[in-house]
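Descriptive structure summary
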Amino acid sequence: MSLEHDDPNFQREVRKRSIKSFAWFFLAIALVVAGWLWLMSQPDEFGANRALRRVLRFNETVNAAVKSPTHLAKTFDKSQAVKNVKVNGPYGLSDGFDSTSWKLRVVNKGWGADSVIYVTLDDIKKLPRTDVVFDFKCIEGWSQITWWSGVKLSDFMKQYNLGSRNGRTPNLDDVPSLTNYIGMVTPDSGYYVGIDMKSALSPQTILCYAMNGNPLPENQGAPLRLIIPNKYGVKHIKRIGTMRFVDRRPRDYWFERGYDYDCAL
Ligand SMILES: Nc1nc2c(c(=O)[nH]1)N[C@H]1C(S)=C(S)[C@@H](COP(=O)(O)O)O[C@H]1N2
Ligand SMILES: [Mo]
């Protein structure tokens, strides 16, 4: 009596099926390899592979459609803020910086190419103080509830007549009449961010000089840093040297290294 697997017809069928499934298997591998080679052959665009950059841009569009840049981040009680705030990101914080002679350099488009003002920390501290306690999120994956104080960027703009295209008194309620962006750069130009005007005008966006009720530590951005709770940590530039009101999208450190520009939360 012959078992079924001794049957030559059966064996032929097994061989046929094996060849067929191997063929599919190799075809699948070839497709994956070809896809990978294609992806890797794409040129670089602002630090990211062009095909991946397109995916990022699509994500940004979806994010912008579902989330308004004016949405407010959830806030917490000061007592919930952590005491040991993580220090992250050393770029643009080079040694030899003299915080005592520091002044914020401000370039406003409406004033013409060369006009600049310098604002001292004392001047900034004279403006109304605002606290914000929120969940600070880094794109690396960590987050912590932290407490920051400073002046609203919008109050600062009102005080110094910043942001209008024509140099006249800016109307902060009329966003289209303002420049599209604010660029911020460290004194040594080692770190830089671009902020869209709507996010800059959020009542939670502050020029920050204090953390947990104490002066800002050097490694966390003294004398002045940005706190912008509707964006990821990368945009919270520490140690601002120059601030520029501009229409064209300013350079942005992590955008140039492959992240999306908005980094909206
Ligand atoms: N000048 C400067 N600002 C910076 C960075 C940096 O490298 N240099 N890193 C950013 C990133 S990625 C994060 S998460 C926050 C961290 O702020 P912290 O050190 O106060 O926690 O700072 C942001 N601002
Ligand atoms: Mo970060």
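Residues numbered from 1 in each chain as written. Chains lettered and ligands numbered in written order. Predicted model: local features only at pLDDT ≥ 70, side-chain atom pairs only at ≥ 80, totals over all residues. Heavy atoms only, no water.

**Some thoughts on the site of ligand 1**
Lys86, Asn88, Tyr91, Arg225 and Lys238 are the nearest of the 20 residues found near ligand 1. In the shell around ligand 1, the residues fall into eleven nonpolar, six polar and three charged. (Near = heavy atom within 4 Å. Nonpolar A, V, L, I, M, F, W, Y, C, P; charged D, E, K, R; others polar.)

**Some details on the domain arrangement of the protein chain**
Under the domain assignment, the protein chain is made up of domain 1 (4–41) and domain 2 (73–257). Domain 1 and domain 2 are separated by 58 Å when their C-alpha centres are compared. (Domains from an automatic or database assignment.)

**Looking at the state of the cysteines**
Overall, the coordinates contain zero disulfides when judged by the stated rule. We note that cysteine 208 lacks a disulfide partner, and the nearest cysteine sulfur, in cysteine 138, lies 17 Å from it. (Disulfide = S-S within 2.5 Å.)

**Side note on the pattern of salt bridges**
Enumeration over the complete set of coordinates arrives at twelve salt bridges. Note that lysine 235 and aspartate 252 form a salt bridge whose closest N and O atoms lie 2.7 Å from each other. With a gap of 17 residues between them, lysine 235 in the loop between β11 (225–227) and β12 (242–246) and aspartate 252 in the segment after β12 connect regions that are remote in the sequence. Overlapping salt bridges, with partners in common, bring together Glu13, Lys16 and Arg17 in one network. (Salt bridge = Lys/Arg side-chain N within 4 Å of Asp/Glu carboxyl O. Helix = DSSP H or I, 4+ residues; strand = E, 2+ residues; numbered from the N terminus.)

**Thoughts on the sheet that holds strand β8 (residues 192–196)**
Spatial strand order, β4-β3-β12-β7-β8: five strands in an open sheet with mixed pairing. Each edge of the open sheet is held by one strand with a lone partner, namely β4 (116–119) and β8. The average undirected angle you get between the axes of adjacent strands in this sheet is 20°. (Pairing = 2+ DSSP bridges. Axes fitted to C-alpha atoms, helices over the stretch in contact; angles between N-to-C directions.)

**Looking at the side chain of glutamine 42**
Relative to the assigned elements, glutamine 42 resides in the loop between α1 (8–41) and β1 (44–45). On the accessibility criterion, glutamine 42 (13% relative accessible area) is buried. Beyond its immediate stretch of four places on either side in the chain, glutamine 42 contacts Asn49, Arg50 and Ala51. (Buried < 20%, exposed > 50% of the residue type's maximum accessible area, 1.4 Å probe, protein only. Contact = heavy atoms within 4.5 Å.)

**Here we look at the environment of tryptophan 254**
With respect to the helices, strands and loops of the structure, tryptophan 254 is situated in the segment after β12. When its relative accessible area of 22% is taken as the criterion, tryptophan 254 is described as partly exposed. Separated by 62 residues in sequence, tryptophan 254 and tyrosine 192 have C-alpha atoms that sit 8.6 Å apart.

**Quick word on a nonpolar patch on the surface**
On the surface, a nonpolar cluster with roughly 860 Å² of combined accessible area is contributed by Phe22, Phe25, Phe26, Ile29, Val33, Trp36, Leu37 and Met40. Here phenylalanine 22 is to be found in helix α1. (Patch = residues over 30% accessible without salt bridge, like charges linked within 9 Å, V, L, I, M, F, W, Y side chains within 5 Å. Areas by Shrake-Rupley, 256 points an atom, 1.4 Å probe, with all protein chains shown as cover.)

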